[in-house]
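Next come the chains, spelled out residue by residue.
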Amino acid sequence: MAAHRCSYSALLLIICSLSMFIVADSQETTLTGDNHATELDNPQTATETAGQMAEQPAVEERRLWEATEVEEATPDDADTDKQDTSTPETAVPSSVPQPKDDFQEELVIRPLHSGDIYASFQFRTLWETDFMRGNKVSHYRLFPKSLGQVISKFSVRELHISFTQGYWRTMQWGQPFLPSPPGAELWVWFQDSVTDVDGTWKELTNVLSGIFCASLNFIDSTNTVQPSASFKPLGIGNVTDHSFLRYATLPREIVCTENLTPWKKLLPCGSKAGLAVLLKSEKLFHSSFHSQAVHIRPVCQDWQCKTTSWELRQTLNVVFDLHTPGQGKREWSLFKMFSRTLTEACPLASSSKIYIDITDNPQGEQFEVSPATPLLSQAMVLGDRRTFSVYDLTQQITFGTVRSLNLLIRWKSSEGDMLRPLLHGERYVAGYGLQTGEIHTLMYNNHPYRSFPVLLLDSVPWYLRLYIHTLTVASKGKDNKPSYIHYQPSKDRVRPHLLEMLVQLPPNSVTEVTVQFERALLKWTEYTPDPNHGFYVGSSVISSLVPSIVAMDTNSTREQPLFSSFFPCKEESSYFVRVYTEPLLVNLPTPDFSMPYNVICLTCTVVAVGYGSLYNLLTRSFQIDEPSPGLAKRIANIIRKMRGVPPL
């Protein structure tokens with residue numbers, strides 16, 4: 001009976017297995033038949049697919065050696081390019097979502113007349129999404145998730161942060177592409193939906209301190225101001241309610257490798273490919289000037305601004321000194337500057353280019369660049385038309401046969417004059433003693449015949465008590481009355497002074513702003529560990545629309561180099577310039593912190609002597625100790641004891 005049951009179960013198992021094989025075979029036949037039917041219904045699609053598969057190697061080989069020319073883009077050309085690029089993508093199924101983000105990288109190298117080299121890195125990530133409506137974004141492709149969550153959580157409209165080591169010498173190097181003050185600078189525009197701006201600002205600084213590994217958590221109400229005119233939004237929208245704006249600086253912030261590492265991690269390719277390969281900390285921090293920044297803002301995608309995107313722009317500016325150790329002759333190369341060469345562009349970048357400024361070297365009389373490139377480009381930079389040699393890293397022909405690019409700049413002549421910048425600023429402290437002093441701010445207008453207004457912003461700590469009635473503004477020996485003044489007095493240990501004024505600078509003149517102050521006496525717990533070093537006061541901010549030599553381009557959506565498209569241009573006859581002065585180092589009345597040490601030592605000595613003596617008197621027991629008799633006396637006592645006589 002058991003044998004019959006086993007044979008019956010085995011027969012059922014065999015029948016089930018055969019049925020499963022038959023069903024699977026029928027499904028496979030059905031799928032194959034559907035595919036054949038699709039090809040028969042649309043033979044043109046199949047033919048085009050096969051043709052594209054066959055022509056793809058030939059197209060790639062032809063693109064490697066195709067000559068390219070850099071021309072100024074027009075809206076018609078842009079539309080034509082979009083149509084041409086969209087034609088081969090018709091075979092892509094509509095179910096596949098098109099990427100809504102884009103990444104570009106650029107490096108601008110400007111040889112300075114002093115023999116130094118100015119290198120500016122620009123990395124821009126565009127993302128077509130909307131954080132302002134409270135939509136939760138869960139998928140991040142190129143845009144860093146850490147910054148996206150910050151924008152969404154704290155309702156940030158614009159964020160600008162910079163870390164700078166050194167001071168930009170405007171009179172020697174000219175105007176930078178993106179200015180920044182020494183130390184750390186942070187200014188943020190919040191959305192109008194934020195109810196507690198101060199609380200949100202405090203939380204945001206703590207989060208950014210962790211992201212960038214910096215001391216931004218030391219930003220509080222004592223060094224935060226609310227400017228009324230100097231800092232306008234750089235993105236879309238014209239916000240007039242400055243209660244949603246916060247600005248703060250830390251002039252003593254030190255920039256080092258631990259700040260550069262998280263900055264590089266925000267890039268889509270990190271430091272593994274593209275221009276970021278050159279960002280080697282040992283070389284970057286061994287320079288005369290180093291500045292890294294992150295700018296986040298909403299921008300328009302088209303001229304009518306029908307669609308918007310979020311722009312993340314990471315910039316890094318560095319100036320290499322001619323007289324650094326090991327630099328004997330006047331020539332520079334990528335390997336000498338960064339200890340590395342370029343081998344490829346970032347695979348995720350749609351554009352990767354290197355620009356070398358050759359405006360002052362049209363015939364190659366001052367310096368020569370190798371390897372040479374036939375690609376030239378012109379751009380409007382800081383009110384001037386500049387000419388650049390362009391190296392496109394997306395083209396394999398740029399790297400040559402060795403698949404490595406090492407640009408070399410060799411000077412031929414040291415002659416040549418640099419055009420003085422039209423706007424320049426300086427700042428210093430005058431006076432003697434540790435009770436009162438004066439702050440002098442100098443603003444230079446080097447234009448020969450044009451005058452223009454400037455906005456001056458001063459943020460002074462509360463322990464420098466300003467005498468605002470002593471404020472004077474003089475140009476060419478005459479009083480220059482400001483047309484607008486906004487002053488917010490300080491509160492001790494609560495908020496700093498804020499002074500903003502609109503001043504008209506006469507042509508070819510120096511305008512001096514002077515104000516007196518009194519030094520406050522701090523509590524002994526408020527002094528820094530090195531109080532005799534002094535206390536830092538942040539840089540003054542000078543903003544102005546400077547007259548332009550050539551007509552500026554007001555279309556910010558037109559394709560142009562990244563280094564010339566950061567500040568929006570509203571007029572063709574002027575361009576926006578922001579200048580930072582030197583930070584101040586002020587000595588305050590400082591007590592002698594060695595006296596507490598002396599008092600502690602003296603007190604401990606007195607306590608040890610007095611308490612020790614009293615303790616010995618209270619705890620020690622005293623006994624009379626008789627001297628031991630001599631040998632003769634002991635012998636005599638023994639004899640007397642034997643005779644029964646009392647001892648001596």
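Look up: the structure comes first, before these words.
Residues numbered from 1 in each chain as written. Predicted model: local features only at pLDDT ≥ 70, side-chain atom pairs only at ≥ 80, totals over all residues. Heavy atoms only, no water.

Draft legend 1. The arrangement of the packing of aromatic side chains in detail. A complete count under the given rule lists 27 aromatic pairs for this structure. Their ring planes at 5° and their centres at 6.3 Å tell us that Phe-121 and Phe-123 sit as a pair that is stacked. Looking at Phe-121, the relative accessible area reads 0%, which means it is buried. Geometrically, the ring pair formed by Phe-567 and Phe-576 is tilted, given 5.1 Å between the ring centres and 55° between the ring planes. A relative accessible area of 21% places Phe-576 in the partly exposed class. A network of ring pairs unites the aromatic residues Tyr-118, Trp-168, Trp-173, Phe-177, Phe-289, Tyr-355, Phe-388 and Phe-563 as a single cluster. Note that Lys-153 overlies the ring of Phe-154, its terminal NZ or CZ placed 5.7 Å from the centroid. (Phe/Tyr/Trp six-rings, centres within 6.5 Å; stacked < 30°, edge-to-face > 60°. Buried < 20%, exposed > 50% of the residue type's maximum accessible area, 1.4 Å probe, protein only. Lys NZ or Arg CZ within 6 Å of the ring centre and 35° of its normal.)

Draft legend 2. Representation of the state of the cysteines. Going through the model one piece at a time under the given rule, you end up with one disulfide. There is a disulfide in this structure between Cys-269 and Cys-346, and the S-S distance comes to 1.8 Å. Around the S-S axis, the bridge from Cys-269 to Cys-346 shows a dihedral of about 70° and counts as right-handed. Of the two residues, Cys-269 is situated in the loop between helix H7 (257-265) and helix H8 (281-284) and Cys-346 in the loop between helix H9 (334-338) and strand S10 (351-357); the sequence distance between them amounts to 77 residues. The pair Cys-269 / Cys-346 is uniform in exposure class, with both members buried. The thiol sulfur of Cys-213 is not disulfide-bonded, and the nearest other cysteine sulfur, from Cys-256, lies at 7.8 Å. (Disulfide = S-S within 2.5 Å. Helix = DSSP H or I, 4+ residues; strand = E, 2+ residues; numbered from the N terminus.)

Draft legend 3. View of the pattern of salt bridges. Applying the stated criterion to the full structure yields 15 salt bridges. Across the pair Asp-198 and Arg-246 runs a salt bridge whose closest N-O atoms are separated by 2.9 Å. Placement of the pair is Asp-198 in helix H6 (residues 197-211) and Arg-246 in strand S6 (residues 245-250), with a sequence separation of 48 residues. Linking Glu-282 and Lys-280 is a salt bridge whose minimum nitrogen-to-oxygen distance equals 3.8 Å. A residue is classified by how much of its surface remains accessible, and Glu-282, at 53% relative accessible area, is exposed. Using a relative accessible area of 23% as the deciding quantity, one classes Lys-280 as partly exposed. Residues joined by salt bridges that share partners form a network here, namely Arg-124, Arg-297, Glu-311 and Arg-313. (Salt bridge = Lys/Arg side-chain N within 4 Å of Asp/Glu carboxyl O.)

Draft legend 4. Just the sheet that holds strand S24 (residues 541-547), in detail. Reading across from one edge, S20-S21-S17-S24-S25 is the order of the five strands in this open sheet, with antiparallel pairing throughout. A strand with exactly one partner marks an edge of an open sheet, and here the two such strands are strand S20 (484-488) and strand S25 (574-580). Here the average twist between neighbouring strands, direction ignored, is 15°. In this sheet, strand S21 (residues 497-505) lies alongside S20 in antiparallel orientation, the contact comprising five bridges. Across the sheet, Tyr-484 pairs through a bridge with Leu-502, a residue of S21. (Pairing = 2+ DSSP bridges. Axes fitted to C-alpha atoms, helices over the stretch in contact; angles between N-to-C directions.)

Draft legend 5. Examining the sheet that holds strand S9 (residues 331-333) more closely. Reading across from one edge, S9-S14-S11 is the order of the three strands in this open sheet, with antiparallel pairing throughout. Each edge of the open sheet carries a strand with a single partner, namely S9 and strand S11 (367-370). Recorded for the sheet is a direction-independent mean angle of 10° between the axes of neighbouring strands. Bridging between S11 and strand S14 (residues 408-411) involves four bridges; their strand directions are antiparallel. Paired with Phe-367 across the strands is Trp-411, a residue of S14.

Draft legend 6. Here's a closer look at the packing of helix H4 (residues 145-154) against H6. At a closest axis distance of 11 Å, the pairing of H4 and H6 adopts a crossing angle of 175°. Comparing the axis directions of H4 and H6 gives the class roughly antiparallel. Residues Ser-146, Val-150 and Phe-154 of H4 form the contact with H6, whose participating residues are Thr-200, Glu-203, Leu-204, Val-207 and Ile-211. (Parallel < 35°, antiparallel > 145°, perpendicular 65-115°, else oblique. Contact = heavy atoms within 4.5 Å.)

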